[in-house]
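The lines below spell out each chain.
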Amino acid sequence: MNIEDSMAQRLETIRRRIGQACERAGRSADEVTLLSVSKTFGEAAIREAVALGLTRFGENKAQEIRQKSAPLADCGIEWVMIGHLQTNKAKDVARLAAEVQSVDRLELAQALDRRLQAEGRRIRVLVQLKTSTEPSKYGLAPEELPDFLRTLQAYDTLDVQGLMTLAINSTDEASVRHCFRGLREWCERARQETGLALPRLSMGMSGDFETAIAEGSTEVRIGTAIFGSRPYGDAYYWPENGPVSTSS
Ligand SMILES: *Cc1c(COP(=O)(O)O)cnc(C)c1O
C-alpha cells in the first residue's frame, strides 16, 4: 500500500477536516463523532481500522453484520445498522447490533422490539427521516415524526436518541444543505412537541459531511474517505435500494 494513501493518513485527513468544519461553524470538534462505514469491506480492512482506534462500524445490510461479527468477535466492535432493514432481518440485528439508525416505520420498530425482548437487550436507535425528494431514499415522512416518536416511547427496548438522514445525491450544495437543515429543524420541532431530548443528528457522508457539520450534524458516517472506494456501486450490493447510489 502506498504510504501517501494509507488508511491512517486518510483517517487523519478526515479528522482534520471534521475539526476544520467545526471551527468554521463555531462548534467544538468533540461535538461531532465519526462513524466509520465498513460496508463491502472485509475482515482485514476492518482490523486495520480497529488498530487505528476505530470501534464503531456502520453496515447497511444485516447479512454483512452477521457475516463479519463472528470472525471479528475479538475486536470489541459495536455494529451500527445504517441501511434499510427488512423486518425479517430484525432478528440478526437485535442480536448483534449496538444501534440502528434506520428506524423508519412502525412495523420495523415492532419487529425490533419483539426480537430485543427475546434477547433481553436494549439498543440505541435513530429515526431515519426522508429529507429529500429522491424516490428511492427510505425514511419516515417528516410530518409523521412527532406521533412516531410518541409511539416509540412504548418500546422499552428502543433508546431513541435522535434522527438520521441521507441528503439528496447531488453536486448542488444548496440542495444538499437544504436536506441537512431540514433534519435539524424537524428535530427542533419534535423536541418541542414531545419533550424528548433527541441529542443526536446523524448526517453527512464522505462527499457532504462538511455541509452537514455546518448544519448541526453530531455524527458523520464516513465510508470511502476512510476505506477507499468500494469495488461496485451500492446498487450492486443492495439492488433493493434502487438505482440511486449513496456512494460519492
Ligand atoms: C454507504 C453509506 C454511508 C457512507 O458513504 P460514503 O460516501 O462511503 O462515505 C453513509 N450512510 C449510509 C446510510 C450509507 O449507506
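Note that the structure is predicted; figures quoted are calculated from it, not measured.

## Description of the nonpolar core
- One finds Ile 18, Leu 34, Leu 112, Val 127 and Ile 226 to be the most contacted residues of the largest nonpolar core, which totals 64 residues.
- Apart from residues no more than four positions distant in its own chain, Ile 18 is found in contact with Val 32, Leu 34, Phe 209, Ile 213 and Val 220.
- Listed in part, the 7 residues of the second largest apolar core include Val 37, Ile 82, Met 164 and Leu 166.

## Things to note about the packing of aromatic side chains
- Taken as a whole and judged by the stated rule, the model has 3 aromatic pairs.
- Summarising the aromatic geometry, the rings of Phe 57 and Phe 227 are spaced 6.5 Å apart at their centres and angled 55° between planes, so their arrangement reads as tilted. Of this pair, Phe 57 sits in strand S2 (residues 56-59) while Phe 227 is found in helix H9 (residues 224-227), placing the two residues 170 residues apart along the sequence.
- For Phe 57, a relative accessible area of 0% gives the class buried.
- Assessed through its relative accessible area of 7%, Phe 227 is described here as buried.
- Feature note: the residues Phe 41, Phe 57, Trp 79 and Phe 227 constitute an aromatic cluster, connected by ring pairs.
- Positioned over the ring face of Trp 186 is Arg 189, at 4.5 Å from the centre of the ring.

## Some remarks on the UniProt feature "modified residue: N6-(pyridoxal phosphate)lysine" (unreviewed entry) in the protein
- The UniProt entry lists Lys 39 under the feature "modified residue: N6-(pyridoxal phosphate)lysine" (unreviewed entry), expressed in the numbering used here.
- Residue placement: Lys 39 occurs in the loop between strand S1 (33-37) and helix H2 (43-51).

Thresholds applied
Residues numbered from 1 in each chain as written. Predicted model: local features only at pLDDT ≥ 70, side-chain atom pairs only at ≥ 80, totals over all residues. Heavy atoms only, no water. Core = buried A, V, L, I, M, F, W, Y, C linked by side-chain atoms within 4.5 Å. Buried < 20%, exposed > 50% of the residue type's maximum accessible area, 1.4 Å probe, protein only. Contact = heavy atoms within 4.5 Å. Phe/Tyr/Trp six-rings, centres within 6.5 Å; stacked < 30°, edge-to-face > 60°. Helix = DSSP H or I, 4+ residues; strand = E, 2+ residues; numbered from the N terminus. Lys NZ or Arg CZ within 6 Å of the ring centre and 35° of its normal. UniProt positions renumbered as here; feature names shortened; annotations may be inferred.

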